[in-house]
Amino acid sequence: MNTLYEACQLSCERWINDVEQSNTKKHIFSKRHQKAMHNICNKISGPYSRRTFIAIAVAIIILLLTTSVFALSKYKEYIIEKFSEYSAYSVSSAYNSIKFEQLTIEYLPSGFYKSDESITSISHQVRYLNQDLYIQIQKCKIGLT
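Residues numbered from 1 in each chain as written. Predicted model: local features only at pLDDT ≥ 70, side-chain atom pairs only at ≥ 80, totals over all residues. Heavy atoms only, no water.

**Some details on the pairing of strand S3 (residues 113-119)**
Look at any regular strand and the pattern is simple: side chains alternate between the two faces of the sheet.
Move 1: Where S3 meets strand S4 (residues 123-130), 6 bridges bridge the pair, whose relative direction is antiparallel. Looking at the pairing, Ser 118 lines up with Gln 125 of S4.
Move 2: Linkage of S3 to S4, two consecutive antiparallel strands, is achieved through a turn of 3 residues. (Pairing = 2+ DSSP bridges. Helix = DSSP H or I, 4+ residues; strand = E, 2+ residues; numbered from the N terminus.)

**Some thoughts on unusual backbone geometry**
Excluding glycine, residues mostly carry a negative phi; peptide bonds, for their part, are mostly trans.
Move 1: Phi at Gln 131 takes a positive value of approximately 55°, unusual for a residue other than glycine.
Move 2: Counting through the fold element by element, Gln 131 comes out in the loop between S4 and strand S5 (133-140).
Move 3: Residue class for Gln 131 comes out exposed when judged on its relative accessible area of 75%. (Buried < 20%, exposed > 50% of the residue type's maximum accessible area, 1.4 Å probe, protein only.)

**So, the sheet that holds S4**
The strands that make up a sheet pair up through hydrogen bonds in the backbone, lying either parallel or antiparallel.
Move 1: Pairing within the open sheet is antiparallel, and its 3 strands lie in the order S3-S4-S5. Lying at the two open borders of the sheet, with one neighbouring strand each, are S3 and S5. Pairwise comparison of adjacent strand axes, ignoring direction, gives a mean angle of 10° for this sheet. (Axes fitted to C-alpha atoms, helices over the stretch in contact; angles between N-to-C directions.)

**Comments concerning the packing of aromatic side chains**
Think of a pair of aromatic rings as described by two things: how far the centres are apart, and how the planes are tilted against each other in angle.
Move 1: Taken as a whole and assessed by the stated rule, the structure comprises 0 aromatic pairs.
Move 2: When the ring centre of Tyr 134 is taken as reference, the NZ or CZ atom of Arg 127 above it lies at 4.2 Å. (Phe/Tyr/Trp six-rings, centres within 6.5 Å; stacked < 30°, edge-to-face > 60°. Lys NZ or Arg CZ within 6 Å of the ring centre and 35° of its normal.)

**Some thoughts on the environment of Lys 114**
Move 1: Relative to the helices and strands, Lys 114 is located in strand S3.
Move 2: Classification of Lys 114 as partly exposed rests on a relative accessible area of 46%.
Move 3: Separated by 13 residues in the primary sequence, Lys 114 and Arg 127 have C-alpha atoms spaced 6.0 Å apart.
Move 4: If we ignore the near neighbours within four places in the chain, the residues touching Lys 114 are Val 126, Arg 127 and Tyr 128.
Move 5: At 3.2 Å, the side chain of Lys 114 forms a polar contact with the side chain of Glu 117. (Contact = heavy atoms within 4.5 Å. Polar contact = N/O pair within 3.5 Å; in protein donor to acceptor, adjacent residues only side chain to side chain.)

**Concerning the state of the cysteines**
Move 1: Evaluated as defined, the whole model comprises 0 disulfides.
Move 2: The closest cysteine sulfur to the non-disulfide-bonded Cys 8 is located on Cys 12, 8.8 Å from its own sulfur.
Move 3: Cys 8 sits in the partly exposed class, given a relative accessible area of 47%.
Move 4: Since its relative accessible area comes to 40%, Cys 12 is described here as partly exposed. (Disulfide = S-S within 2.5 Å.)

Purely geometric stuff here, so don't read any function into it on its own.
So, in structure tokens, the structure goes:
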């Protein structure tokens, strides 16, 4: 072998041994350094304690739960029935009946025309046709008591 190659191998082995020995020694920081690091950590955490953060988190969770309970409509049941060609959406409620207002259609796809309309004191039903397709919209009064 080449003497330069052998010299490089010996140097590499010495370097690896030195690194292994230096890793086994634990570095000890000075008291001044430890105090400075402690002060920096205290400044980062701020004046609030862990209990304060926990109390704030619990208050936020309670507030979110109470507002979501009021937002939920617990007296109404939303029903979506899926059939092969269409879906039916209905809302059933037995509490706090609402005032019945006439049905207004905001949008109707092009090509559909009104074929049938039925208005009673408790419902309003409209049917639109377009060749073989149809749209039927019905609005009913809730709570007939």
